[in-house]
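# Structural overview
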Amino acid sequence: MLRHVKVFDAKVFYDAEQDLTAKKNFMTTPSSIKEVKEDIKEEIREYKKKKPSSEKFTILYKEKVAGWITINQLNNPYFEHRAKVDFLLHKDFRGKRIMTKVLRKIVSYSFKKYKLKRLEAWTRTFNKAVAKLNEKAGFKLEGILKKNKCKNGKYLDDMVWA
């Protein structure tokens, strides 16, 4: 169901991030498959470090690449006890209850491997599906960051889950 990312995952990742629903949730999305491949190469270099800042996994469903999930903001000085999780599922795999299992697995893995005290998931306030997913995976809504980000001149609010 999960494995570390590989360069040949780039096409599916790129396609998933070009989906209009997905694009609304990210500040930026890649402009080419080449850019995604470079990002994956950097992720691979990163998780091989003794103290990585992130670890990215490919989500597999019935042996097909379905998306990705990343544990990031790892090993920051003064904040080594916490991290953040981000994820994206390709539109063809949404609604199959894949992410609930994946997110629960990553939560468990993150706390054990990195000895975390806190794992966060930030979600746009308009993304009710991911809010429900976070709840199912055991996250609690801690609050809303009003006008937390500005994208294309429009301010966005983020829910903070932990």
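This text goes with the structure placed above it.
Owing to the predicted nature of the structure, the values given are computational and were not obtained by experimental measurement. (Residues numbered from 1 in each chain as written. Predicted model: local features only at pLDDT ≥ 70, side-chain atom pairs only at ≥ 80, totals over all residues. Heavy atoms only, no water.)

## Some points on the environment of Val 7
- Note on placement: Val 7 falls in the loop between β1 (2-4) and α1 (10-18).
- Here Val 7 falls in the partly exposed class, since its relative accessible area comes to 29%.
- Taking C-alpha positions, Val 7 is 18 Å from Tyr 61, a pair spaced 54 residues apart along the chain.
- With sequence-adjacent residues up to four places away left out, Val 7 is seen in contact with Lys 37, Ile 40, Lys 41 and Ile 44. (Helix = DSSP H or I, 4+ residues; strand = E, 2+ residues; numbered from the N terminus. Buried < 20%, exposed > 50% of the residue type's maximum accessible area, 1.4 Å probe, protein only. Contact = heavy atoms within 4.5 Å.)

## Structural notes on the pairing of strand β3 (residues 64-72)
- Judged by how many residues are buried, β3 sits mostly within the fold: eight of nine residues are covered.
- Bridge count for strand β2 (residues 54-61) against β3 is eight bridges, and the pairing is antiparallel. Across the sheet, Ile 59 pairs through a bridge with Gly 67, a residue of β3.
- Count of turn residues in the β2/β3 antiparallel hairpin: two residues, of which Lys 62 carries a positive phi of about 50°. (Pairing = 2+ DSSP bridges.)

## Side note on the pairing of strand β7 (residues 154-161)
- As defined by bridge partners, strand β5 (residues 118-124) adjoins β7 across four bridges and the pair is classed as antiparallel. Across the sheet, the residue bridging to Trp 122 is Val 160, located in β7.
- As judged from the seven bridges shared by strand β6 (residues 141-151) and β7, these two strands associate in the antiparallel manner. Paired with Leu 141 across the two strands is Trp 161, which belongs to β7.
- A loop of two residues connects β6 with β7, the two strands running antiparallel in sequence, and Asn 152 in this loop sits at a positive phi of about 55°.

## Looking at helix α5 (residues 128-136)
- Taken residue by residue, α5 has Val 130, Ala 131, Leu 133 and Asn 134 as its buried positions. Angular distribution of buried residues about the axis of α5 spans 160°; they occupy a single face of the element. Relative to its buried face, α5 has exposed residues pointing more than 90 degrees away, namely Lys 128, Ala 129, Lys 132 and Glu 135.
- Taken together, the buried residues of α5 touch β4 (82-89), α4 (98-114), β5 and β7. (Arc of directions from axis to C-beta.)

## Some remarks on the side chain of Glu 46
- Counting through the fold element by element, Glu 46 comes out in helix α3 (residues 33-47).
- Overall, Glu 46 belongs to the buried group, its relative accessible area being 8%.
- A polar contact of 3.0 Å, which involves the side chain of Glu 46, links it to the side chain of Lys 49. (Polar contact = N/O pair within 3.5 Å; in protein donor to acceptor, adjacent residues only side chain to side chain.)

## Brief notes about the packing of α1 against α3
- Packing of α1 against α3 brings their axes to within 9 Å, and their N-to-C directions diverge by 115°. Between α1 and α3 the crossing geometry is right-handed. In contact with Ala 10, Lys 11, Phe 13 and Tyr 14 of α1, α3 contributes Ile 33, Val 36, Lys 37 and Ile 40.
- Along the lines of polarity and charge, the residues of the contact of α1 with α3 split into six nonpolar, no polar and two charged. (Axes fitted to C-alpha atoms, helices over the stretch in contact; angles between N-to-C directions. Left-handed = near helix turned anticlockwise from the far one by under 90°. Nonpolar A, V, L, I, M, F, W, Y, C, P; charged D, E, K, R; others polar.)

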